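Residues per chain are reported as follows:
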Amino acid sequence: MTFCFVCMFAGREGRISEEAGLDILLCLFLIRAGWTDLRSGKVYNRWLILGTAVGIWLRGCSFFPPAAAALVIAYVLYFFRLLGAGDGKLVAVMMGWLGVWEGLYAIFAGLMVAVLWSLCRIRERGWIGVRLRRLYLYMVRMLYTGQAEQYDGLWEGERDGRIPLAACLAVGTVIDRILRYFV
């Protein structure tokens, strides 16, 4: 399977460019992080540290500005519980590897996968009315009190409603990187 995955990035001469090799390395890293998120519900720091170290080694100082900006935005999203801590750090690693614009494209593709996953799950379980009502009540409560608070649309016993964002980011990035070579 890995051979087929690598062949998709090969050029017409059948060789893999340095840039394609870096894309393959990133995709393999994201697939591993996504797999752990699917299996255990966590993105382990050891994978994030490894991805960060390789990203710094490959990109040098240009790794830091996009990664730092993404980390600040991810922290705000984490504060409101809209994003898990591991997912936020993974987004920062992705931005550091890819840079701002390519990172945004890959993250957008991953978020589209997450939206599709979420809509399918909500539709399958008949939760659309419940989710919209909880979001509405959250917005009204924030407007009424004037204070920002954490949003957790899931009540106890509904934790299976969470989606593994790292897995969605991995799939979206693989799709984005493959489309980059064929479109």
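Details of the structure are given in the entry above.
Computed from a predicted model, the values in this text were never measured in an experiment.

(A) Here's a closer look at helix 7 (residues 128-145). End to end, helix 7 covers 26 Å across 18 residues, agreeing with the expected 26 Å (1.5 Å per residue, within 8%). Those residues of helix 7 lying buried are R131, R134 and Y138. Along the long axis of helix 7, the arc covered by the buried residues comes to 65 degrees, so they all point the same way. Turned more than 90 degrees from where helix 7 packs its buried face, L132, R133, Y136, L143 and Y144 sit exposed.

(B) The arrangement of the packing of aromatic side chains in detail. Evaluated as defined, the whole model comprises one aromatic pair. Taken together, a centroid distance of 5.9 Å and an interplanar angle of 90 degrees make the contact between F63 and F64 edge-to-face. Its relative accessible area of 43% is what places F64 among the partly exposed residues. Across the ring face of Y44, the terminal group of R46 is positioned such that the distance to the ring centre comes to 4.8 Å. Lying over the aromatic face of Y181, R180 brings its terminal NZ or CZ to 5.6 Å of the ring centre.

Reading the values: rules and limits
- Residues numbered from 1 in each chain as written.
- Predicted model: local features only at pLDDT ≥ 70, side-chain atom pairs only at ≥ 80, totals over all residues.
- Heavy atoms only, no water.
- Helix = DSSP H or I, 4+ residues; strand = E, 2+ residues; numbered from the N terminus.
- Expected span 1.5 Å × (residues − 1).
- Buried < 20%, exposed > 50% of the residue type's maximum accessible area, 1.4 Å probe, protein only.
- Arc of directions from axis to C-beta.
- Phe/Tyr/Trp six-rings, centres within 6.5 Å; stacked < 30°, edge-to-face > 60°.
- Lys NZ or Arg CZ within 6 Å of the ring centre and 35° of its normal.

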